[in-house]
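# Coordinate analysis (summary)
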Amino acid sequence: MITDIFEYYQQTTRKRGWPPTPIEVAKAFDLATAEAVEKCLAVRKQLNELTAAVEMPRQEAAAAISMPPLVPPVKKKPLNLKIFTGRNGWPDPHDRAIYYYYCHINPYHRGSVDYMFHDEMIAVTPETEAYLYSAEASRLPDYRSGSRPFLEQVVAETTH
């Protein structure tokens, strides 16, 4: 029976991204809750043993392979994000109309954080996708020092 529970445990985890609870195991295999908890602990122990015996050696072997040196990214011409920001950010007229509609029903006060998120967001388009979601995205901050003095003060107070 532990083999069946082990398979159920793995299938459920792969299917939805997290393992079944003992109550789910109890229902699936008609077990008492205490027995289901015991079976789940046995499955977790078996998974830990597999990880230690199989997966960790694989990861260590992969880490031992020499990796080529990182090549510095090619400097690209900076993308003008202003043409993709806020109300201007939607090249498609239908998308722009939806954006304008949401601007008019936006319940947030002008100048609030939520309003600014909505009003100054950058549209995800084929032109901006690589800028926003590529590996270089975190290396390309577009922040002007002094533009958020209160936030900079809070950061300075909490990090020093």
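This is a predicted model, so every value here is computed, not measured.

The next point concerns the overall build of the chain. Regarding its fold elements, the chain presents 7 helices and 0 strands. For the chain, the sequential pattern of α-helices and β-strands runs α-α-α-α-α-α-α. When contacts within the chain are restricted to residue pairs at least 6 apart in sequence, long-range pairs at least 24 apart make up 47% of them. Split by element, the accessible area of the chain, about 13000 Å² in all, is 60% carbon and sulfur.

So, about the packing of helix H1 (residues 2-16) against helix H2 (residues 22-29). The interhelical angle for the contact between H1 and H2, taken along N-to-C directions, is 125 degrees, at an axis separation of 11 Å. By the angle class used here, H1 and H2 are oblique. In this structure, H1 crosses over H2, and the sense of that crossing is right-handed. For the pair formed by H1 and H2, the contact residues are Asp-4, Ile-5, Tyr-8 and Arg-16 on the first element and Glu-24, Val-25, Ala-28 and Phe-29 on the second. Residue composition of the contact of H1 with H2, by class: 5 nonpolar, no polar and 3 charged.

A few words on the pattern of salt bridges. Proximity of charged atoms lets side chains of opposite charge pair with each other. This structure, assessed with the given rule, holds 1 salt bridge. The salt bridge involving Glu-24 is made with Arg-16; its shortest N-O contact spans 2.7 Å. Judged by relative accessible area, which is 27%, Arg-16 ranks as partly exposed.

Following the criterion strictly, the structure yields 1 aromatic pair and no others. Residues Tyr-8 and Phe-29 carry aromatic rings whose centres are separated by 5.5 Å and whose planes lie at 85 degrees to one another, so their mutual orientation is edge-to-face. Of this pair, Tyr-8 sits in helix H1 while Phe-29 is found in helix H2, placing the two residues 21 residues apart along the sequence. Looking at Tyr-8, the relative accessible area reads 22%, which means it is partly exposed. Take Phe-29: its relative accessible area is 21%, and that puts it in the partly exposed class.

Attention shifts here to the nonpolar core. Formed by Ile-5, Phe-6, Tyr-9, Val-25, Ala-26, Leu-31, Ala-36, Cys-40 and Val-43, the largest nonpolar core amounts to 9 residues. Looking at this core, the elements that each hand over two or more residues are H1, H2 and helix H3 (33-64). In contact with Leu-31, not counting residues within four places along its chain, are Met-1, Ile-5, Val-25, Ala-26, Ala-36 and Lys-39.

As a further point, take unusual backbone geometry. The backbone phi angle of Asp-30 is positive, close to 55 degrees, even though this residue is not glycine. In this fold, Asp-30 is placed in the loop between H2 and H3. According to the relative accessible area criterion, Asp-30 is exposed, its value standing at 73%.

Reading guide: rules and limits
- Residues numbered from 1 in each chain as written.
- Predicted model: local features only at pLDDT ≥ 70, side-chain atom pairs only at ≥ 80, totals over all residues.
- Heavy atoms only, no water.
- Helix = DSSP H or I, 4+ residues; strand = E, 2+ residues; numbered from the N terminus.
- Contact = heavy atoms within 4.5 Å.
- Areas by Shrake-Rupley, 256 points an atom, 1.4 Å probe, with all protein chains shown as cover.
- Axes fitted to C-alpha atoms, helices over the stretch in contact; angles between N-to-C directions.
- Parallel < 35°, antiparallel > 145°, perpendicular 65-115°, else oblique.
- Left-handed = near helix turned anticlockwise from the far one by under 90°.
- Nonpolar A, V, L, I, M, F, W, Y, C, P; charged D, E, K, R; others polar.
- Salt bridge = Lys/Arg side-chain N within 4 Å of Asp/Glu carboxyl O.
- Buried < 20%, exposed > 50% of the residue type's maximum accessible area, 1.4 Å probe, protein only.
- Phe/Tyr/Trp six-rings, centres within 6.5 Å; stacked < 30°, edge-to-face > 60°.
- Core = buried A, V, L, I, M, F, W, Y, C linked by side-chain atoms within 4.5 Å.

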